[in-house]
Amino acid sequence: MTWFGAVARLRARREAGVLVTVATVRGHAPRNAGAKLVVGQDETWGSIGGGNVEAVTIDRAREMIAASAAEPELLDFALNDKVTNRHGVQCCGGTVSVLLEPLPVVRAVAIFGVGHVGMELARVLARQDLDLHLVDSRSDILAEERLAVLADAVAGVRVHHTPLLPEEVLETLPQGTHVLIMTHDHAEDAALCDAALRTPHLGSIGLIGSAAKWGRFRKRLLTEGGHDEAAIDRIKTPIGLADITGKDPATIAVSVAADLLRTFEAEEYGAQEHHRDETVDPDTDEDAPAAARSGFRAAGANIAHAPPHLKTVV
């Protein structure tokens, strides 16, 4: 399988991975610059030359997967018999720099109700690298010609026509899917709110509508639904940025998308802080390199956390 086929497979499976590329070679080395390896949690595809270089790189890639690392890293290897390696001697005589790029599981968003606002929101979110689920009980709303504007989407768009019980789609959504409820029918919205609160694997839940609508929903969720206050507070309403007050569908869509992107960033920051709290020893010098604090000791390799422009070289 080609490396890009492996990347596509990981994305389709919603599994994290790391794309490894031989960035630079000086002197003799097992593979030339540009050789690629894809590392998943349990599988690998391709090769950067085998031996210590590949084994150490795979070890580090899986540490990055476990840590949900977001930033690329560079590993430098000296290929000579004077270096103490973790996985045997490689004495080709050259040096190799290897770039590790995280391939995170893409986020998922489900829009329930693809009417005026839902369609405009789909157009905005389709420009993001995520899995976008469009759910509606009306077949004409999901007609191919209407959704043709999403043909060049960056997102992976999945359409769900559910003429009877759209809430059944909730159980099939990926772990952590962010749900936005904006159907044409308030009864359908209410059923979706109730079902979403009973579906623990979802991410955030947002509901479009007025304060009066939410007041009625909240009362029903407490009395008829049997949900407690803490559970009901999972539902965010109104959605969107409070200081954008326009009511045009496209304006609402931009506001809701911006608010959702802010949620993504907060979620990512929270995950990074949580991992740092778990991995940093309180007795460890905070000024020590990140790789040292994480306990990574790759014999025969130097590590650098490369910024997005990838110009840092050790």
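As a starting point, this report considers the structure included with it. (Residues numbered from 1 in each chain as written. Predicted model: local features only at pLDDT ≥ 70, side-chain atom pairs only at ≥ 80, totals over all residues. Heavy atoms only, no water.)

## Concerning the pattern of salt bridges
Summed over the entire model, instances satisfying the criterion amount to 18 salt bridges. Of the charged contacts in the structure, one is a salt bridge between E73 and R60, with a shortest N-O distance of 2.8 Å. Of the two residues, E73 sits in strand 4 (residues 73-78) while R60 sits in helix 2 (residues 51-66), which places them 13 residues apart along the sequence. D152 is paired through a salt bridge with R127; the nearest N and O atoms lie 3.5 Å apart. Placement of the pair is D152 in the loop between strand 7 (130-136) and strand 8 (156-161) and R127 in the loop between helix 3 (116-125) and strand 7, with a sequence separation of 25 residues. D152 gets classed as exposed once you look at its relative accessible area, which sits at 53%. Beyond isolated ion pairs, a larger network of salt bridges with shared partners links R11, R14, D129, D131 and R158. (Salt bridge = Lys/Arg side-chain N within 4 Å of Asp/Glu carboxyl O. Helix = DSSP H or I, 4+ residues; strand = E, 2+ residues; numbered from the N terminus. Buried < 20%, exposed > 50% of the residue type's maximum accessible area, 1.4 Å probe, protein only.)

## Thoughts on the packing of helix 4 (residues 186-197) against helix 5 (residues 211-223)
At a minimum axis distance of 11 Å, the contact between helix 4 and helix 5 shows a crossing angle of 45°. With respect to their mutual orientation, helix 4 and helix 5 come out oblique. For the crossing formed where helix 4 meets helix 5, the hand is right-handed. From helix 4, H186, D189, A190, C193, D194 and L197 reach across to helix 5, where they touch K213, R216, F217, R220 and L221. Within the contact of helix 4 with helix 5, the residues separate by chemical class into five nonpolar, one polar and five charged. (Axes fitted to C-alpha atoms, helices over the stretch in contact; angles between N-to-C directions. Parallel < 35°, antiparallel > 145°, perpendicular 65-115°, else oblique. Left-handed = near helix turned anticlockwise from the far one by under 90°. Contact = heavy atoms within 4.5 Å. Nonpolar A, V, L, I, M, F, W, Y, C, P; charged D, E, K, R; others polar.)

## Remarks on the packing of aromatic side chains
Aromatic rings in a pair are described by how distant their centres are and how their planes are angled relative to each other. Within this structure, the stated rule accounts for one aromatic pair. A centroid spacing of 5.7 Å and a plane angle of 80° characterise the contact between W3 and F4, whose relative ring orientation is edge-to-face. Of note, K36 hangs over the ring of W3, and the distance from its end group to the ring centre comes to 5.1 Å. (Phe/Tyr/Trp six-rings, centres within 6.5 Å; stacked < 30°, edge-to-face > 60°. Lys NZ or Arg CZ within 6 Å of the ring centre and 35° of its normal.)

Scope: geometric values only; no functional claims are made or implied.
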